[in-house]
Amino acid sequence: RGIDSHGFGRLKPIYCDRMDQGILWPDKPIDVIKQTDTTALVDGNLGLGLYIGPHCMQMAIDKAKKHGVGFVVVQNSTHYGIAGYYATMATDAGCIGLSGTNARPSIAPTFGVEPMLGE
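Owing to the predicted nature of the structure, the values given are computational and were not obtained by experimental measurement.

Rules behind the numbers
Residues numbered from 1 in each chain as written. Predicted model: local features only at pLDDT ≥ 70, side-chain atom pairs only at ≥ 80, totals over all residues. Heavy atoms only, no water. Helix = DSSP H or I, 4+ residues; strand = E, 2+ residues; numbered from the N terminus. 1 Å grid on protein atoms, 1.4 Å probe; cavity = no way out; pocket = protein on both sides within 12 Å on 5 of 7 lines; lining within 4 Å. Points joined across faces, edges and corners; volume = space filled by probe spheres on them. Nonpolar A, V, L, I, M, F, W, Y, C, P; charged D, E, K, R; others polar. Axes fitted to C-alpha atoms, helices over the stretch in contact; angles between N-to-C directions. Parallel < 35°, antiparallel > 145°, perpendicular 65-115°, else oblique. Left-handed = near helix turned anticlockwise from the far one by under 90°. Contact = heavy atoms within 4.5 Å.

**Considering unusual backbone geometry**
What you tend to see is this: most non-glycine residues have negative phi, and most peptide bonds are trans.
For step 1, the next point in the chain: One non-glycine residue, Asn76, lies in positive phi territory at about 55°.
For step 2, the next point in the chain: Following the sequence through the fold, Asn76 ends up in the loop between strand S3 (71-75) and helix H3 (83-92).

**Some remarks on the layout of surface pockets**
For step 1, the next point in the chain: Taken as a whole, the largest pocket holds about 1100 Å³ of empty space.
For step 2, the next point in the chain: In terms of lining, the largest pocket is formed by 43 residues, of which the most central are Val74, Tyr80, Ser99, Gly100 and Thr101.
For step 3, the next point in the chain: Every element with two or more residues in the lining of the largest pocket is listed here: helix H1 (11-20), helix H2 (49-67), S3 and H3.
For step 4, the next point in the chain: At 8 residues, H2 tops the list of elements feeding residues into the lining of the largest pocket.
For step 5, the next point in the chain: Considering only residue class, the lining of the largest pocket consists of 23 nonpolar, 16 polar and 4 charged.

**Regarding the packing of H2 against H3**
For step 1, the next point in the chain: As a packed pair, H2 and H3 sit with axes 10 Å apart at the nearest point and diverge in direction by 30°. Relative to H3, H2 is oriented roughly parallel. The hand of the H2/H3 crossing is right-handed. Taking contact as the criterion, the partners of Gly49, Leu50, Gly53, Pro54, Met57, Gln58 and Ile61 in H2 are, on H3, Tyr85, Tyr86, Ala87, Met89 and Ala90.
For step 2, the next point in the chain: Considering only residue class, the contact of H2 with H3 consists of 9 nonpolar, 3 polar and no charged.

Structure representation (structure tokens):
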């Protein structure tokens, strides 16, 4: 999609370094903790967010197609790339999609000097 901040430049600082630090695991399973027809709570087990994110959005899409709405939340995930990718997955499937995440404060707001916003 041409978003430079989320491309190849993140390979070492986000993925490789975090694997070396033991805070991101490339081979962890995705566990469904709780599930209803329209919702799910998923544990990513600190696995690769770029795998967990699409998996969970597809779960939400499948639930929405069958029941009219689908809402999936994830705990213990890692950096999952650009949020817009997941909303696009939903629109490509004929659904409305929302995607969000949390992050540590690392960006100062406009005219600010202290990091207060997540990446």
